[in-house]
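Here's the letter readout for the chains.
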Amino acid sequence: MSDFSFLLLHVTDHAASAQLYAALLDIPIVDQKPDIALLPLKDGVMLGLWSAETVEPTSSGQTGASEVAFTVADAAAVEATYADWKQRGLTIAQAPTRMSFGTTFVALDPDGHRLRIFAPDAA
């Protein structure tokens, strides 16, 4: 079986997106080429920010139809991340909300990709 190794987002400005994600997630940019930037997530998985102009085959998707989700420790961490990201100027699509799976909020990156932060309910 193949290993899951990359999450690729097609973006308008890969360098600016890389700077944003590095700041939001407190992770380094480990590789940057003329059309793609790579940042390490967990367990060897990389976040690739690929210039939509150079993706082959041409991208036909729309942003906002899927989400990238990140887990935090608890509802207080959701609120703290929400305040930080709002202060950074990210568009907020959903303010902190209690849902069936825990406490969550959704922000949008400059390309409209949905970024969900959530704290799952305790088991």
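Above this text is the structure in question.
Now for a look at the structure at hand. (Residues numbered from 1 in each chain as written. Predicted model: local features only at pLDDT ≥ 70, side-chain atom pairs only at ≥ 80, totals over all residues. Heavy atoms only, no water.)

### A few points about the sheet that holds strand 6 (residues 91-99)
What counts, and what does not: When DSSP finds two or more bridges between two strands, those strands count as paired. What counts as a helix is a DSSP run of H or I of at least four residues, what counts as a strand is a run of E of at least two, and both are numbered from the N terminus. Note on method: axes are straight lines fitted to C-alpha atoms, helices fitted across the in-contact stretch only, with angles between N-to-C directions ranging 0 to 180 degrees.
Strand order in this open sheet of 4 strands is 5-8-7-6, and the pairing throughout is mixed. Every interior strand has two partners, whereas the edge strands, strand 5 (67-71) and strand 6, have only one. Going from strand to strand, the sheet's axes swing by 20° on average, the running direction of each strand aside. In this sheet, strand 8 (residues 114-120) lies alongside strand 5 in parallel orientation, the contact comprising 5 bridges.

### A closer look at the packing of aromatic side chains
Operational definition: Only the six-membered ring of Trp is used, alongside the rings of Phe and Tyr, when aromatic pairs are assigned; centres must lie within 6.5 Å, and planes under 30 degrees apart are stacked while those over 60 apart are edge-to-face, with the rest tilted. Think of it in three bands: residues with accessible area under 20% of the maximum for their type are buried, residues over 50% are exposed, and the middle band is partly exposed, with areas taken using a 1.4 Å probe on protein chains only.
A full pass over the atoms with the stated rule returns 3 aromatic pairs. A ring pair is formed by W85 and F105, whose centres lie 5.7 Å apart and whose planes are at 80°; its orientation type is edge-to-face. Of this pair, W85 sits in helix 2 (residues 75-87) while F105 sits in strand 7 (residues 102-108), and the two are 20 residues apart along the sequence. Each member of the pair, W85 as well as F105, carries the same accessibility label: buried. A ring pair is formed by F101 and F118, whose centres lie 5.8 Å apart and whose planes are at 90°; its orientation type is edge-to-face. Residue F101 is located in the loop between strand 6 and strand 7, and its partner F118 is located in strand 8; the two are separated by 17 residues in the primary sequence.

### Observations concerning the nonpolar core
To be explicit about the condition: Take the buried Ala, Val, Leu, Ile, Met, Phe, Trp, Tyr and Cys residues and link them wherever side-chain atoms come within 4.5 Å; each set so joined is a nonpolar core. Contacts were defined at the residue level, with two residues in contact if any of their heavy atoms lie within 4.5 Å.
Within the largest apolar cluster, 24 residues are counted, with the highest numbers of intra-cluster contacts made by L39, L49, W85 and L115. Among the elements of the structure, strand 1 (6-11), helix 1 (14-25), strand 3 (36-40), strand 4 (46-51), strand 5, helix 2, strand 7 and strand 8 are those that each provide at least two residues to this core. The residues touching L115, leaving out its near neighbours within four places in the chain, are Y21, L24, V68, F70, W85, L90, F105, V106, A107 and D109.

### Focus on the sheet that holds strand 2 (residues 31-32)
Spatially, 4 strands are ordered 1-4-3-2 in an open sheet, and the strand pairing comes out mixed. Lying at the two open borders of the sheet, with one neighbouring strand each, are strand 1 and strand 2. Where strand 1 meets strand 4, 6 bridges bridge the pair, whose relative direction is parallel. For H10, the partnering residue across the bridge sits in strand 4 and is W50.

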